[in-house]
Structures are given as structure tokens and as C-alpha cells.
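Architecture at a glance
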Amino acid sequence: MDAQCEEPKKEEVEKRMESNGEAAGGEPRASLTEKGRGDLPELTQLREKINYYDREIIKLLNERMKVCQDIGKAKGRLLAAKKEKSDSKNTKQVYRPVREKLVFDKVTRINASTPGPLTATAVKAIYSEVMSCSINLQQPTTIGYLGPKASYSHQAATNRFGASMLYVAYEDPEKILESVEKGEISYGVMPVENSHEGAESNTLDVLQKSMMKIYAEIEIPVVYNLLSDSKKPEHIETIFGSKVLLARCSKWIRSHLPGAKVVKCHSTEEACKMVSKSNNSVAVGTQLAGDMFGLSVLSASIQDKPTTSRFFVISQVCEPPSGEDKTFVMFSLKDSKGALYRVLQAFDTENVNLSNIESRPSGSRAWDYNFFVRMDGHEQDLPIRKALERLRGICSYVRVLGSYPKNIPSNLSGA
């Protein structure tokens, strides 16, 4: 049974702050800065109260993190025992999407039942970083992502895993999968689909060659901003941006900055660096790019269309069923009449809902294709198990690329 923590009464807070003649946190009752600017006594007292609560929050966070370290040790002992019994090669999975969702659901319920101004979005954003720190304390965690710094894969990775992780950029999606397999990185983040542009073919191509698993998915709204090293540049002469970002913001640029010179860069990182070298210039990029390169948002949300991007988190193993899952399956058809129809009929017979189907060249011979289907449910669920049994009698090759929890909404937008 969990211990119930009650908020201290106002009188108790004030009494504690009186101890030793100091404000909580060991700070003087009124700092020299506060006295120098002539703050009202009421304002000083309110700041002292915030100092007290900050100190209590830090204490509780440290206690939470000590428990997380104990959990990490317990997981390590459990894994060692399993390896000794079964000679398993599975590594300890400190990031658990199902557990993450349970924590987010719990804290938003607590917040909803607690009077106060905090919104559910704010609570999730706070706990996203708490979870990030907790995971990294259990086991140092490295995340690989596709693209240079400040790419949207980088944005997706930081949105999901938080600021406590180590991030590594990769130019080749195949290298991400290889690094996950070798244990050089804990997880990989790869783009798989855009709501306007469809599937990311490179990701599908490398997934069909790798035995790594889809572990989770990330969905984030695509938001691009006009970034500047000055909050109000007198006259914008040049706009830097990657080819893709400039194309996605072309209508806004033509409408708002028709006389500006548009310069295509290799990446958003390069575009942001060019701004610091050029007068009266701006870059098109994400909020993350602005934060990383010290640029301010001059205009927000300049993309031409509202768009969402989906990313896969890649691991060595799959997540167990959560009750709200998706499964991604690849199959190859036998060269026979009506083969694809019979595949679709197999899913329909077992009442399995298919949400997406794609095809890509297999690479083995000309005009031979592999199909990719996304369905609702986990591969351990009986309807999907039965459907896959039917498929194996119809197809020349069937492989489950992963079962994973349905997307946990991102706590931060791409802004």
C-alpha cells in the first residue's frame, strides 16, 4: 500500500521557513538583488515559499531516483538469473513503452483529482524528463537517429526519450540497425511514414534485411519555424534551409518574403550555422534546431500543410502485449493467381483490422516484391496468430517485424 503524502499546511510551511532565520533551500530571506530592486514584502514572501517547495521537490526527486537505481539493480539480477538458466542473449530493456504509458496515465489521473492550474500536457512534459532521467540512471542509454543534428528524427528522439540520453546521428539507416544489433546503441529512431508524403522507402528497405525488431512508435506534428539570431532583423535578405524544408514551406515564403534569396543547404544544421555568418538572414528549422544553435523563433508554424510524421523505435526485442498494440508484418507472395486476395481474406476471416499496406522491391530478382502490412493487435493475440498461420500456407515468406504499443502522444509538439 502506497503511503499518502499530504501537502503541508500554510502555517507548517511558514514555520519551517522560519527555522534558522532563512528561507527554505538555505537562501537568505531576501536576496541583495531583491532588496536592490525594491520588491514588495509580499513578493519576497511568495518567492521564499517557492524556494521551500523547490527544495522539497528536489528532495523527493532524489528519493525517486534512488528507487529507480534499486530497480535497475534488481532488473540486472533477474536478467543474470534468466541467462544462467536459459543461456539467453537478451539485453536488459530499461525503456519500456508500456510502463511509460502507465506512468503518464497515473500522473494525469492524480493531477486531474488534485486542485491546481497544471494541465495534463504540462504534467506529461514534466514526467517525460523525470522518466528520461530514471531510465538513464538504471542504465546509461544511447539513442541513434537518422540524419544530422536538428533533423526531424532527432526531434522525434528527444521528444520521446528526453534530455538525459546520449544521442548519436547516423547518415545511413542500415548502420542504425547494425549498431542496435551489436549493442553499440540502445535504441534506434527511424522515420517510417509522413501523413502527406507516404511511406519512407529507405526504412522499409533496410527493415526487410534486418532481424532487429520494431519496439515502439513515435508520432509528432511537423512544425517548421523561421529562425533568426535577432528577434527583429531589419530586413531579411536570405533564407537558408534544406531542400525538403524549403519545399514544405514554399507557399509561406513566397507570400511573406517574396524578395528574399532562397539558399538550399545540405541540412538544417548547416542552414542554422549559415545564419550566424550572414547578415539579415534566417533559417527554416525546428524548435530543436533553434535551441541547439542559439536562434530565436521569428515566425512559428510556417509549413504549408498540417502534417504528422511517424517514426519507429528499433530494438533487439519486441515489447510484450499491452492491450493496445500494433503489429508490422512483411510477406512475399507465391506466383499464383489471386494470392494477394487470399492474404487479405485470411486477415478478414480472423477479424484482424489492417490499417496500412505497402510494397517494396525485394531486391532478390526483377519485379519481385515484398509486402508490408500494419494491423491492430499483438502477434501473441489469438486472431493474429491464426491469421499468420493462414499466411504461411499462402505466402513464400512471412516475418513479423515487430509488435509494439500504439503511439503514446508526444508530450512536446515539433514546435
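Structure shown above.
The sections below set out a description of the structure shown in this document. (Residues numbered from 1 in each chain as written. Predicted model: local features only at pLDDT ≥ 70, side-chain atom pairs only at ≥ 80, totals over all residues. Heavy atoms only, no water.)

Opposite charge on two side chains permits them to pair, given that their charged atoms come into close proximity. Enumeration according to the criterion identifies 17 salt bridges in this entry. Between Glu63 and Lys66 there is a salt bridge, with its nearest N and O atoms 3.4 Å apart. A residue pair is termed a helical-turn pair when its members lie 3 or 4 positions apart in one helix, as Glu63 and Lys66 do in helix H3 (residues 41–86) at three residues. Relative accessible area serves as the criterion here: at 44%, Glu63 is assigned to the partly exposed category. (Salt bridge = Lys/Arg side-chain N within 4 Å of Asp/Glu carboxyl O. Helix = DSSP H or I, 4+ residues; strand = E, 2+ residues; numbered from the N terminus. Buried < 20%, exposed > 50% of the residue type's maximum accessible area, 1.4 Å probe, protein only.)

This part is about the packing of helix H13 (residues 339–349) against helix H14 (residues 382–394). It is the contact of H13 with H14, at a shortest axis distance of 8 Å, that shows an interaxial angle of 165 degrees. Relative to H14, H13 is oriented roughly antiparallel. At the point where H13 passes H14, the crossing takes the right-handed sense. On H14, the residues that touch Ala339, Arg342, Val343, Ala346, Phe347 and Thr349 of H13 are Ala387, Arg390, Leu391 and Ile394. Residue classes in the contact of H13 with H14 are distributed as seven nonpolar, one polar and two charged. (Axes fitted to C-alpha atoms, helices over the stretch in contact; angles between N-to-C directions. Parallel < 35°, antiparallel > 145°, perpendicular 65-115°, else oblique. Left-handed = near helix turned anticlockwise from the far one by under 90°. Contact = heavy atoms within 4.5 Å. Nonpolar A, V, L, I, M, F, W, Y, C, P; charged D, E, K, R; others polar.)

With that out of the way, let us pick up the sheet that holds strand S15 (residues 395–405). Here four strands make up an open sheet; going across it, the order is S13-S14-S12-S15 and the pairing antiparallel. The outermost strands of the open sheet, each flanked by one partner alone, are strand S13 (354–361) and S15. Here the average twist between neighbouring strands, direction ignored, is 20 degrees. Bridging between strand S12 (residues 325–333) and strand S14 (residues 369–376) involves seven bridges; their strand directions are antiparallel. Across the sheet, Thr327 pairs through a bridge with Met375, a residue of S14. Across the face of the sheet, H13 comes into contact with S12, S13, S14 and S15 while running at roughly 155 degrees to S12. Strands in contact with H14 are S12, S14 and S15; relative to S15, the strand with the most contacts, it is inclined by about 155 degrees. (Pairing = 2+ DSSP bridges.)

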